[in-house]
Amino acid sequence: MRPWLKQNLFRSYLDGVLTVVSAAIAIWIVVQIFTFVFITGRWEIVQVNIKLLLIGRFPEEHIGLLLASVMAIAFWIGVTGGAFVKPGAPKRSVLEIARELFQRFGLIALLGIAIVYLAGTGEALVAGLQIVVAIVAGRLLSALRTRVKLLSAIPSLLWIFVWGLAPTSLIWYTLSVSTLETWGGFLINFYIAVLSIVLCFPLGVLLALGRRSSLPVIRLLATTYIEIVRGAPLFVLLLLAGVALEFFIPPEITPDVIFRSVTVFTLFTAAYLAEIIRGGLQSIPKGQTEAGKAIGLSTVRIIGLITLPQALRNVIPAQIGQFISLFKDTTLAGAALSMFEILSIGKAITKQDDFLGQGLIYESLAFVGLMFWVGSFVMSRESQRLEKKLGVGIR
Amino acid sequence: MTKPLPSASYKIPIWRNIKFLRIVFQVSVIFVVFLILNWLWGNYQINVARSSIPTDLRFLDNPANFTIPGSDFDQSQPVRSAFVEGFFNTLRVAFIGILLATLLGTLVGIARLSKNYLLNKLAAAYVEVIRNLPLLLLLTFMNLAVVLQTFPRIEEAWKPLDVMVISNRGIAIPWFVGSGTNLAAVIFLAGVIAYLVKKLRQKHSDRTGKPARDILYSVVTFFTLIAVAWFLLGYGLEFPFVDDRATSGGLRLDPSFFALLVALVLYTSSQIAEIVRGSILAVHKGQGEAADALALSASQKMRIVILPQAFRIAMPALGNQYLNLIKNSSLGASISYFELTQVAQITVGNGSPAVPAFTLTLLVYLSISFFTSLVVNYFNRKLELVER
């Protein structure tokens, strides 16, 4: 103990002063947070509005459908989570696995428990348990796959795709029975983020290839698009879409807020994604392309089979970083387009009759912040893990 | 004898000629892009004709019909002047924000690598907490929770050491009394003299081999000169005080300006801290060992050996963060700080045509971004290692 203290906290007088000051700050912060969370915080504002914050005005009768979709996604995540695990990995004890799982997903689990506790109903508890059961079932099926010969013969991508059909069709069905306008709260932040990620990816890849193209016209077009979008603030683009999008589409279509925001997020993120993927393409040694040419592949095949897969793998952390910032930026849609997303709900609930003028903005913003913080933090941790696992930059 | 190759007489058919194919492909892409743009333009024409909204910039000459807090902008002045005012407000918050964020970010980035366990963990917590929160949430928190709710009313304003006045009407700090032009002139002169002192110190150091301490000398010269000149000119430093439900004296920062500035600085500094940390780690290990071998102290090693090289590595990423900060300052519109976006939003609300107004705003941001990247690229080229 003594040597550790000397090494890490009191190497010199200056170091000692630094330690005392930082200790004071740290203790003050911890005490403040503790008293706020457990003593002074009046969490009834979150308790009463928990459903509004999470899913907005989603119709009561379809909540079962929503839960089923979430369970299907959870099951899918469980199934695919181990899809790329190589057989013959070292056996580990249950305790070790539990510890690793807690380190990786403990925060999400704690957040889930907190939400169930705040909701305080039996239904919420059952829903939470159902989601956990879905993940566990998915993991078990995935474990079964590594043991049963017949199942492990299925290619990983096909396996992921097949199990992805259920959540996709369920979400599709949920969308068709409950109009998108009733979606709100954290649900809409999440939905917009996922939809924009899926849509911006192909565009980003095309733009990146365009910018690296040897054809001057293509290069010019891609570069102009990327540079203009990257020079513009997202907030102004959203405002512009809020008033001007209807001018550029046929008069028969009337765009709603979600259409507007998804359009902007897709077009915006594609430009940033293109720059990231371009970085990945530049990191591929020229010999790879030359080797492709030497065996007589066409340009399309060289890109599709050799350079692009390697490039995409090399920049996975940066891509996930971009997706995290897209996830956080979905809050802007609330301020620019008055969409009914979690941050604007968090502001609005402090103006309800029961809570007006009681200064409960701290509680409400703390809850909203926690949702985003846990999501982004766990995602960035997982991307670091993935980076290590794929061995980028090693060899 | 082997059979001769058929090359001489063989001609590549035109549909397999790579030069021809490249041209065809580019022309067809141009054609498709043209079709898309034409479609958009056609829709625009139809929709504009249907709604009879003006599409030109004549609205810039109309009276603005709104006031800007914290400035003597008058309602009858044209929209054009409101945009100019908003432009300067954007520049103001961006400029101060960049300075503070760089300073704070560098400190946190260094603390993040400290051998002191507590300081290290504290800096890590700062970075991880701030970086994973949406900027708009930080901004809303600063505005609604901190400034409007926690700061006291003006009657009960906090007056730490009697030099500042903090209330929910804003923050007043001590400031020079006197004309702005004089202040600018004095600062400019002091800057020139401080630069000369820095050069002299370097020469002295080169001649004698004694430590230059050029930064220390020039900074001290700079501030002493400003202080002396200011008091000689008969001006002084004025402290703010509460004067019947308002603050007098000193410089008053608007509450929304303060909230925006703090949120931007917190958010950007957490990103800059990670960049600085990465760049310090990227400096070649031998450099630090060489500094140790020369028996430089820890602070000398950081200041003279590691940091200058780290900043060379960090420059492009830092430039990106500066651009982000400038663009993020547009969020000020959500808390009614009168920067460019807020001005555009309000004049659109007052009946100016939306598409030209927001397009104009976008163009201004594009030119600011363009100018900033020119400056960053210039410094990047100056700092770059000259290689073979």
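Residues numbered from 1 in each chain as written. Chains lettered and ligands numbered in written order. Predicted model: local features only at pLDDT ≥ 70, side-chain atom pairs only at ≥ 80, totals over all residues.

> Help me get a handle on the overall build of chain A, residues and values and all.
When helices and strands are counted, chain A shows 17 helices and zero strands. For chain A, the spread of C-alpha atoms along the principal axes amounts to about 70 × 70 × 55 Å. The 395 residues of chain A split such that 30% are buried. The long-range fraction of contacts in chain A, counting pairs at least 24 apart against all pairs at least 6 apart in sequence, stands at 80%. (Helix = DSSP H or I, 4+ residues; strand = E, 2+ residues; numbered from the N terminus. Buried ≥ 20, exposed ≤ 12 C-beta atoms within 10 Å, placed from the backbone. Contact = placed C-beta atoms within 7 Å.)

> Describe in detail the overall build of chain B, supporting the description with residues and values.
Along its length, chain B carries eleven helices and seven strands. Against the 2.2 N^0.38 benchmark of 21 Å for 388 residues, chain B shows a C-alpha radius of gyration of 28 Å, more extended than a compact globule. Each principal axis of the C-alpha atoms in chain B carries an extent, and together these give about 100 × 70 × 40 Å. Considering only residue pairs separated by 6 or more positions, chain B has 66% of its internal contacts joining residues 24 or more positions apart. (Rg over C-alpha atoms; globule rule 2.2 N^0.38 Å.)

> Explain the packing of helix H8 (residues 285-293) of chain B against helix H9 (residues 298-328) of chain B to me, using residue names and the numbers behind them.
Each pair of packed helices can be described by the angle between their axes along with the distance between the axes. Residues and elements named next belong to chain B. At a minimum axis distance of 10 Å, the contact between H8 and H9 shows a crossing angle of 165 degrees. Judged by the angle between their axes, H8 and H9 are roughly antiparallel. Crossing handedness for the pair H8 and H9: right-handed. Taking contact as the criterion, the partners of Gln287, Gly288, Ala291 and Asp292 in H8 are, on H9, Lys301, Val305, Ile306 and Gln309. Partitioned by chemical class, the residues of the contact of H8 with H9 number three nonpolar, three polar and two charged. (Axes fitted to C-alpha atoms, helices over the stretch in contact; angles between N-to-C directions. Parallel < 35°, antiparallel > 145°, perpendicular 65-115°, else oblique. Left-handed = near helix turned anticlockwise from the far one by under 90°. Nonpolar A, V, L, I, M, F, W, Y, C, P; charged D, E, K, R; others polar.)

> Mind laying out the environment of Lys285 of chain B, listing which residues take part and the relevant values?
All names here are of chain B. When you line up the elements, Lys285 lands in helix H8. Owing to 8 C-beta atoms within 10 Å, Lys285 belongs among the exposed residues under this scheme. Remark: the alpha-carbon pair of Lys285 and Leu136, spanning 149 residues in sequence, is separated by 39 Å.

> Quick one: what's the story with helix H7 (residues 255-282) of chain B, residue by residue and with numbers?
Here H7 of chain B contains 28 residues, and its C-alpha end-to-end distance of 40 Å stays within 8% of the 40 Å for a straight helix at 1.5 Å per residue. Across the 28 residues that make up H7 of chain B, a large majority, 23, are buried. (Expected span 1.5 Å × (residues − 1).)

> Run through the confidence of the model for chain A, naming residues and quoting values.
A residue-level look at chain A finds 96% of positions with pLDDT of 70 or above and a mean pLDDT of 86. Within chain A, helix H1 (residues 2-8) of chain A has the poorest average pLDDT of any element, 75, and helix H9 (residues 185-211) of chain A the best, 93. (pLDDT = per-residue confidence, 0-100.)

> Report on the interface of chain B and chain A, specifying residues and quantitative values.
The interface of chain B with chain A comprises 47 residues on the first partner and 48 residues on the second. Among the secondary structure elements, those contributing two or more residues to the side of chain B that touches chain A are helix H1 (18-51), helix H3 (117-131), helix H4 (135-150), helix H10 (340-349) and helix H11 (354-383) of chain B. Considering every element that reaches the side of chain B that touches chain A, the biggest residue donor is H1 of chain B, with 13 residues. When grouped by side-chain class, the residues that make up the side of chain B that touches chain A number 29 nonpolar, 13 polar and five charged.

> Give a description of the nonpolar core that names residues and reports values.
Within the largest apolar cluster, 141 residues are counted, with the highest numbers of intra-cluster contacts made by Leu238 of chain A together with Leu138, Leu139, Leu260 and Ala263 of chain B. When residues of this core are assigned to their parent elements, the largest contribution, 15 residues, is made by H7 of chain B. Contact partners of Leu238 of chain A, with chain neighbours within four places excluded, come to Ser261, Val264, Leu332, Ala333, Ala336 and Leu337 of chain A. Core analysis: the next-biggest nonpolar cluster, separate from the first, contains nine residues, Met71, Ile73, Phe75 and Ala134 of chain A among them. (Core = buried A, V, L, I, M, F, W, Y, C linked by C-beta atoms within 7 Å.)

> Before we move on, could you go through the domain arrangement of chain A and cite the residues and values that matter?
Residues and elements named next belong to chain A. Taken as a whole, chain A is organised into domain 1 (1-40), domain 2 (59-177) and domain 3 (184-395). Relative to domain 3, the C-alpha centre of domain 2 lies at a distance of 25 Å. Listed by partner, the interface residues are four residues for domain 2 and four residues for domain 3. Across the side of domain 2 that touches domain 3, the residue classes break down as four nonpolar, no polar and no charged. (Domains from an automatic or database assignment.)

> Which residues make up the packing of H9 of chain A against helix H10 (residues 216-231) of chain A, and what values go with them?
All names here are of chain A. The N-to-C vectors of H9 and H10 enclose an angle of 125 degrees; their axes lie 7 Å apart at closest approach. Taken together, the axes of H9 and H10 lie oblique to each other. The chirality of how H9 crosses H10 is left-handed. Mapping the contact onto sequence places Leu207, Gly210 and Arg211 in H9 and Ile218, Arg219, Leu221, Ala222, Thr223, Tyr225 and Ile226 in H10. Among the residues forming the contact of H9 with H10, the class breakdown is six nonpolar, two polar and two charged.

> Can you explain the sheet that holds strand E7 (residues 251-253) of chain B? Please cite residues and give values.
Residue and element names in this part refer to chain B. The strand order E1-E2-E7 describes an open sheet built from three strands, whose pairing is antiparallel. Lying at the two open borders of the sheet, with one neighbouring strand each, are strand E1 (165-167) and E7. With strand direction ignored, the average angle separating the axes of adjacent strands in the sheet is 15 degrees. Pairing of strand E2 (residues 170-173) with E7, which is carried by three bridges, proceeds in the antiparallel orientation. (Pairing = 2+ DSSP bridges.)

> Outline the confidence of the model for chain B, listing residues and values.
Atom-level detail of predicted coordinates should not be read off regions where pLDDT is low. Mean pLDDT over chain B stands at 84; residues scoring 70 or higher make up 95%. Interface confidence for the predicted complex, given as ipTM, is 0.89, next to a pTM of 0.87.

> How would you sum up the domain arrangement of chain B? Please name residues and give values.
Under the domain assignment, chain B is made up of domain 1 (14-51) and domain 2 (79-129 + 261-383). The distance between the C-alpha centroids of domain 1 of chain B and domain 2 of chain B comes to 39 Å.

> Can you break down H9 of chain B residue by residue, with the values?
Residue and element names in this part refer to chain B. Compared with the 45 Å implied by 1.5 Å per residue over 31 residues, the 36 Å span of H9 between its first and last C-alpha is markedly short. Largest kink in H9: about 55 degrees, centred on Ala314, with the proline Pro316 one to four residues after it. Buried residues in H9 make contact with helix H2 (79-111), H4, H7, H8 and H11. (Bend = angle between axes of the 7 residues up to and from the residue.)

> A description of unusual backbone geometry should follow, citing residues and the corresponding values.
Here the phi dihedral of Ser338 of chain A falls at roughly 45 degrees; this positive angle occurs in a residue that is not glycine. Backbone geometry places Ala295 of chain B, a non-glycine residue, at a positive phi of 60 degrees. You can see Ala295 of chain B is positioned in the loop between H8 and H9.

> Just give me the short version of the environment of Leu206 of chain A, but keep the residues and values in it.
Relative to the helices and strands, Leu206 of chain A is located in helix H9. Taking the C-alpha atoms as reference, Leu206 of chain A lies 9.3 Å from Ala270 of chain A; in sequence the two are 64 residues apart.

> Describe in detail the pairing of E2 of chain B, supporting the description with residues and values.
All names here are of chain B. With three bridges connecting them, E1 and E2 associate as antiparallel partners. Within E2, the residue paired with Val165 across the bridge is Ala172. Connecting E1 to the next strand, E2, in antiparallel fashion are two residues.

> Now, about the environment of Val257 of chain A: what can you tell me, with residues and values included?
Residues and elements named next belong to chain A. Among the secondary structure elements, Val257 is positioned in helix H12 (residues 257-282). Of the residues examined, Val257 has 22 C-beta atoms within 10 Å and is grouped as buried. The sequence separation of Val257 and Leu337 amounts to 80 residues, and the corresponding C-alpha distance is 6.5 Å. Once you skip the residues sitting within four places of it in the chain, Val257 turns out to touch Leu337 and Met339.

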